[in-house]
Amino acid sequence: MKSSNRYQAIPGQTGIRKDLHNNRYEAYKTVNGKRYSQYFSRIPDARNWRLTFVPTEEKIATKSLTMKELISEYKINHLSRQALSTQ
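Rules behind the numbers
Residues numbered from 1 in each chain as written. Predicted model: local features only at pLDDT ≥ 70, side-chain atom pairs only at ≥ 80, totals over all residues. Heavy atoms only, no water. Helix = DSSP H or I, 4+ residues; strand = E, 2+ residues; numbered from the N terminus. Buried < 20%, exposed > 50% of the residue type's maximum accessible area, 1.4 Å probe, protein only. Contact = heavy atoms within 4.5 Å. Areas by Shrake-Rupley, 256 points an atom, 1.4 Å probe, with all protein chains shown as cover. Core = buried A, V, L, I, M, F, W, Y, C linked by side-chain atoms within 4.5 Å. Pairing = 2+ DSSP bridges. Phe/Tyr/Trp six-rings, centres within 6.5 Å; stacked < 30°, edge-to-face > 60°. Lys NZ or Arg CZ within 6 Å of the ring centre and 35° of its normal. Polar contact = N/O pair within 3.5 Å; in protein donor to acceptor, adjacent residues only side chain to side chain.

Time to look at the overall build of the protein chain. Secondary structure summary: the protein chain contains three helices and four strands in total. For the protein chain, the succession of helices and strands along the chain, N to C, is β-β-β-β-α-α-α. Counting only residues that meet the buried cut, the protein chain has 17% of its 87 residues in that class. For the protein chain, long-range pairs separated by at least 24 residues make up 15% of all intrachain contacts whose partners lie at least 6 apart in sequence. Approximately 7300 Å² of the protein chain is accessible, and the part contributed by carbon and sulfur atoms is 52%.

Moving on to the nonpolar core. One finds Ile 10, Ile 16, Tyr 25, Ala 27, Tyr 36, Phe 40, Ala 46, Trp 49 and Phe 53 forming the largest nonpolar core, which totals nine residues. Within the residue set of this core, elements represented by two or more residues are strand E3 (24-31), strand E4 (34-40) and helix H1 (43-52). The contacts of Ala 46, once residues within four sequence positions are left out, are Ile 16, Ala 27 and Phe 40.

The next subject is the pairing of E3. Where strand E2 (residues 16-19) lies against E3, four bridges are found, and the strand directions are antiparallel. Bridge assignment links Asp 19 to a residue of E3, and that residue is Arg 24. What sits between the antiparallel neighbours E3 and E4 is a turn of two residues, in which Asn 32 has the positive phi angle 50 degrees.

The next subject is the packing of aromatic side chains. Counted by the stated rule, this structure contains three aromatic pairs. Measuring from ring centre to ring centre gives 5.2 Å for Tyr 36 and Phe 53, while their planes differ by 50 degrees; the resulting arrangement is tilted. Taken together, the residues span a long stretch of sequence, with Tyr 36 in strand E4 and Phe 53 in the loop between H1 and helix H2 (55-62) at a distance of 17 residues. Accessibility classification places Tyr 36 together with Phe 53 in one group, the buried group. Between the aromatic rings of Phe 40 and Trp 49, the centroid separation amounts to 6.3 Å while the plane-to-plane angle is 50 degrees, which identifies the pairing as tilted. Residues Phe 40 and Trp 49 agree in their burial class; the two are buried. Chaining the aromatic ring pairs together yields one cluster made of Tyr 36, Phe 40, Trp 49 and Phe 53. Just above the ring of Tyr 7 sits the side chain of Arg 17; from NZ or CZ to the centre is 3.5 Å. In this structure, Arg 35 is placed above the aromatic ring of Tyr 28, and the distance from its NZ or CZ to the ring centre is 4.1 Å.

Looking at the secondary structure, you find Asp 19 in strand E2. Residue Asp 19 is classed as buried on the basis of its relative accessible area of 0%. Looking at Asp 19, its side chain comes within polar contact range of the main-chain nitrogen of His 21, at 2.9 Å. Setting aside its immediate chain neighbours within four residues, Asp 19 contacts Arg 6, Tyr 7, Arg 24 and Tyr 39.

So yeah, pure geometry; function would need other evidence.
Written out as structure tokens, the structure is:
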């Protein structure tokens with residue numbers, strides 16, 4: 001198996017490596033077995049992304065619901081699990 005010379009480890013920076021092909025820094029993070037990554041021009045930006053990135057917030061921000069859709073999902077996902085006396 002041939003080793004790749006595309007990336008260079010950055011000493012003292014966990015989860016950040018330099019991509020030698022585009023001269024940028026890749027920050028990566030694994031959450032619940034899924035890997036997320038983003039490229040940055042500067043190490044401080046990559047470090048900040050690693051500290052602040054939360055994948056669930058990204059999914060919520062991209063999905064918008066109307067009030068009618070929200071109530072419908074609430075009834076399906078929450079009320080259907082409740083006993084009739086608690087609805």
